[in-house]
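Residues per chain are reported as follows:
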Amino acid sequence: MSATTEQSFLSPILAGRAAEVEALRHWMAQAQSSNGQMLIVAGEAGIGKSRLLREARTLAQTQGLLVQQGNCFEPDRALPYAPLIDLLRHIPHEQLMNIQHLLPTLLRFAPELGIRFPSVQPAPITSPEQEKQLIVRTWLALLVGEHPAFAHGSHPVQLICFEDLHWCDDLSLEVLLQVARAIRSQPMLLLITYRSTEAPARLIDFIAQLNRERLSHELMLRPLLSEHVAEMVRAIFRQTEPISNAFTATLYERTEGNPFFVEEVLKALVASGDIFFANGIWDRKQINALQVPRSVQVAVAQRTNQLSRVAQHVLTLAAVAGRRFDSTLLQHIAQLGDHELNTVLKELIEAQLVVEEDTNTCMFRHALTQQAIYSQLLLRERKALHQLVAETIEYLYTAEIERHVAGLSWHFVKAEVWLKALTYSRQAGERAQLLYSPRAAAEYYSRAIQAAQNLPALEALQQLQYARANAYEQLGEFSAARLDYEAALAGAKASGDQQAEWQALLGLGFLWASRDYTHAGECFQHALDLAPYLDDSARVAHTLNRVGNWHMNAERPYKAIHYHNEALRLFELIGDQRGRASTYDLLGISHYVAGEYQQSIILYRQAVALFREVQDQAGLLTALTIGSSCGIALIGRTVAPIYVSLAERVRDCEESLRMADQMGLPPVEALGHAWLGFNYAMHGQYRLALSQTHQCLEIAKQIEHHHFICTGHMILGVLYWDIAAWQLAQQHLGQALVLARQTQSVVWQHHTAAFLASTYIQVGALREAEAVLREEWIPTTAMDAVGLRQLWGVYAELLIAQGEPKQALAVIDQLSRSAPVMEGTTPQAIPYLGLLAGEALLALNRPVDALRQLEPALQGAQSAHIPALEWRIAVLMGKVLLAKGRRDAAAAIFAQAKQLVHILASELEAPHAANLIKAATGAMRYVALDSPRRAAKAHYEGLTARERMVAVHIAIGESNREIAEALTLSERTIETHVANILSKLGFTSRAQIAAWAVKKGLSQGQ
């Protein structure tokens, strides 16, 4: 028996993994060259991921690399930062002393560090959003930028391992994504493992993101071949002779090439005596007499039966406690003395069932071992033991119970001790919220709700449902959030709790805003009806803001502004700075929809500053994102644009996007990518615009956020309109319009319908254009919002295309006169309206008037950096100049337009680039360079040499008869010349001609 107990049944060789080991060596060498790598090892349970990880650690240590490891455990899968905290536990005390400035933050989510650093106080918890950012930065500083080993400025090569990520929490995955991005130029190999058969959706999304950004490499471990199983057996038993084919085949059949199963079956065969040690060698029974276990559970059971009764009892308790277990905890439960406990632990370690992790912690060698033992218990046994474990934890750790609430939640739920399960699960959920981990919060609140539903008094239920709904909403899980909000609302009504009813109505309203603004408006209106009964000015003001925002989305901006101003008044009365900030934010978007871009910019800047002051990161996110538009004229083209540099727009938007990414807020990420797409598209940076907008669509579709899906399609449609890709524009705008109508987002309906109608006009489908327009617009439609004005603008486009330029001019004039103007400023040119007016005037053969509209329009497009309008206005100006006979001027501006179009085309893939160039150049006319005579004619506004001579005589005050005598022409001919001069110059009197001739420096010789 001594040979058996001393024998290790862990394979001393890594059979069948030569290619994987070579890959490890390769990526480790890359890391040593400061080319940071992330390697993912995946496969089914027991396939050898941990064994390969051990090989990596051994390789790293022999090469002098610094090695750190953190593990994930099933009970901790909802515990924020669980594997990172596990890694932190293993960093030596003296190394942690080198990063004392990080300890106050680390203590907030790893309170057990307080035992090691009693003099360090945790930093106060701030807002959840700030907390999330701070913690992510702290982890990055710890793992990448300020590792404890960097105390003297050296940067050793590191191997950082995280095992079993299928049990990882969301927040840790977000940190690991940031680490993967940060190590590209660092001397680091980040190695993670997960079970490919048990990967949850959040892990699949994480790996997909790594793949999209090309941040990782993956090794998928497959079952061993039969010859590799034979190698394992020979190595385990130190056998020099080949293993018989019959034994190998039997073993391979039972284990299917899974290395862990091979080891466990061999241990069970030795424990049962089927394989035995005799005469100094290992032998076995005949094949037909072997009792080979058919499952790992049976194999583990056969081995545990060989343990002492006390060891079996302790092992069962450990399986209930979890894969990692506290030996002090087991000692109290099993009522063992120190010597007895040590004896039992040695027995379990020698049996290769558990390993010692530190002086007070042991761990099952494999998760499947723990699961096999746990599964042998009856349900009633599990309940009793979970209760015993939980109550012992309460007894032992009363003074530091906070750091055990997650484990207590798990054990009391499993024990069905519902009152305590409710208490600890709610505490764990609230802590997860503070750490801004919505996935973990949802799981803990689910446990709390399960507990509450099993208690006679359900007072806490609706608050728990509301809290879980909020977590689901942050995750973008609409249906789950809706069910919880509706349940909370029903419970509040049933109990007559008006405050809870108001809260649930607002929650539902916010939620429905992503799907259907009609439903959202109904919820907000009901909340407003209820607000006065709450006797709470802040709640009334918040409700006024919600109703106002609903009016804004229905494109009633001035009604929205009225509600927001009233909310602002209430917030100012009670000194609520956070409320003021959110109201500035909402006023900003309302003034934007009203077309009052300047006021919108001022309000957003006030909102951003105040959100920063009150440290409201959630509010800051949206204010930075939407405020980055700064009067963007991509879609609201009937209002004078305001120039703000692209760098400034992108800076604000990217700050928001980084925060949303760090906090794990998919809806805000989708919004950020959408607005970046807006900004890039307006400035003609189409490649970046397409990339950002597609990212918006991808995220929005994942979370089924219909409003942002609509937004993504609308931006793509407008972008394709800009580059004259009419078919794609029609496709995306059509999808956006369907979604806008479904969600009742009136602002987006109007913008999308306007651009879709314009797309039809561009390809000559006037009936289709009119049909789309008529569904959204009637002749009595107001002009007091940007979407409504855009519909009027496209109506003018349609009139021009239908041969009604005079009617179009009347519409354009009305749009120009009704355009919002900031108080104290003068009206500015509106490039889009100038373009439309130029087209209408050219159709009426009034080139001089057309030029007067187009020149300021071109300047406006240039100063606001709107290249899609700039080249179109330039092309039309070229046509007008040709109509005036100014060929050289036309050629020059056509060349300018071509140059701009080629710059824009360089931002596109080849097919789109060629199409844009073709569309733009097809609208231009070929103009040969003029002779000196023609050049002179162009310089003098198209006047011929004879007409210029007539102008000179007019300048010196001669009559038509005197001019006729001086030039030896008839008086009728002179009258014709004068009429031509007046027409070409757009003048109405001879005095204007005389002044023009003097200004041009004309003399008798010209």
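Right, let's walk through the structure included here. Remember, it's a predicted structure, so these values are computed and weren't measured experimentally.

**With respect to empty space enclosed by the protein**
Then comes step 1: This structure, assessed with the given rule, holds one cavity of 30 Å³ or more.
Then comes step 2: Here the largest cavity is characterised by a volume of approximately 50 Å³.
Then comes step 3: Around the largest cavity, the lining residues are Asn71, Cys72, Phe73, Asp76, Leu79, Ala82, Ile85, Asp86, Arg89 and Arg324.
Then comes step 4: The dominant element in the lining of the largest cavity, judged by the number of residues it contributes, is helix 4 (residues 82–89), at four residues.
Then comes step 5: Across the lining of the largest cavity, the residue classes tally to five nonpolar, one polar and four charged.

**Some thoughts on the environment of phenylalanine 478**
Then comes step 1: In this fold, phenylalanine 478 is placed in helix 24 (residues 478–495).
Then comes step 2: Residue classification places phenylalanine 478 among the buried positions, given a relative accessible area of 7%.
Then comes step 3: For the pair phenylalanine 478 and arginine 515, spaced 37 residues apart in sequence, the C-alpha separation works out to 8.9 Å.

**As for the nonpolar core**
Then comes step 1: In this structure, Ile635, Trp675, Ile723, Trp748, Trp871, Ile873 and Leu916 are the most contacted members of the largest nonpolar core, which totals 145 residues.
Then comes step 2: Dropping the residues within four chain positions of it, leucine 916 is found in contact with Asp722, Ile723, Trp871, Val901, Leu904, Ala905 and Leu908.
Then comes step 3: The next biggest cluster of nonpolar side chains, apart from the first, holds 97 residues, and it includes Cys362, Ile373, Ala460 and Leu461.

**A word on unusual backbone geometry**
Then comes step 1: In this model, glutamate 555 sits at a positive phi of 55 degrees, which is unusual for a non-glycine residue.
Then comes step 2: The class for glutamate 555 is buried, based on a relative accessible area of 5%.
Then comes step 3: The backbone phi angle of alanine 724 is positive, close to 65 degrees, even though this residue is not glycine.
Then comes step 4: Inspection of the secondary structure puts alanine 724 in the loop between helix 35 (706–722) and helix 36 (726–743).
Then comes step 5: By relative accessible area, alanine 724 is classed as buried at 3%.

**Some thoughts on the sheet that holds strand 9 (residues 354–358)**
Backbone-to-backbone hydrogen bonds pair the strands of a sheet. The strands run either parallel or antiparallel.
Then comes step 1: Taken together, the three strands give an open sheet; going across it, the order is 8-10-9, and neighbouring strands pair in antiparallel fashion. Each edge of the open sheet is held by one strand with a lone partner, namely strand 8 (324–326) and strand 9. Sheet twist, expressed as the mean angle between neighbouring strand axes with direction ignored, is 30 degrees.
Then comes step 2: Looking at chain direction, strand 8 and strand 10 (residues 361–364) are connected through three bridges and run antiparallel.

**Considerations on the packing of helix 19 (residues 379–396) against helix 20 (residues 405–415)**
Then comes step 1: Put simply, helix 19 and helix 20 touch, their axes get as near as 7 Å, and they point 145 degrees apart. For the crossing formed where helix 19 meets helix 20, the hand is left-handed. Contacts from Lys383, His386, Gln387, Val389, Ala390, Glu391, Ile393 and Glu394 in helix 19 reach Leu408, Trp410, His411, Phe412, Lys414 and Ala415 in helix 20.
Then comes step 2: Of the residues in the contact of helix 19 with helix 20, the class split is seven nonpolar, three polar and four charged.

**Describing the packing of aromatic side chains**
Then comes step 1: Enumeration over the complete set of coordinates arrives at 13 aromatic pairs.
Then comes step 2: With centroids separated by 5.7 Å and ring planes inclined at 65 degrees, the aromatic side chains of phenylalanine 325 and phenylalanine 364 adopt a geometry described as edge-to-face. With a gap of 39 residues between them, phenylalanine 325 in strand 8 and phenylalanine 364 in strand 10 connect regions that are remote in the sequence. Accessibility assignment for this pair places phenylalanine 325 and phenylalanine 364 in one class, buried.
Then comes step 3: Through a chain of ring-to-ring contacts, three or more aromatic side chains come together here, namely Trp721, Trp726 and Phe755.
Then comes step 4: Here the basic side chain of lysine 414 rests over the ring of tryptophan 410, its NZ or CZ set 5.0 Å away from the ring centre.

How each quantity is defined
Residues numbered from 1 in each chain as written. Predicted model: local features only at pLDDT ≥ 70, side-chain atom pairs only at ≥ 80, totals over all residues. Heavy atoms only, no water. 1 Å grid on protein atoms, 1.4 Å probe; cavity = no way out; pocket = protein on both sides within 12 Å on 5 of 7 lines; lining within 4 Å. Points joined across faces, edges and corners; volume = space filled by probe spheres on them. Helix = DSSP H or I, 4+ residues; strand = E, 2+ residues; numbered from the N terminus. Nonpolar A, V, L, I, M, F, W, Y, C, P; charged D, E, K, R; others polar. Buried < 20%, exposed > 50% of the residue type's maximum accessible area, 1.4 Å probe, protein only. Core = buried A, V, L, I, M, F, W, Y, C linked by side-chain atoms within 4.5 Å. Contact = heavy atoms within 4.5 Å. Pairing = 2+ DSSP bridges. Axes fitted to C-alpha atoms, helices over the stretch in contact; angles between N-to-C directions. Left-handed = near helix turned anticlockwise from the far one by under 90°. Phe/Tyr/Trp six-rings, centres within 6.5 Å; stacked < 30°, edge-to-face > 60°. Lys NZ or Arg CZ within 6 Å of the ring centre and 35° of its normal.

These figures come from the coordinates and say nothing about function on their own.
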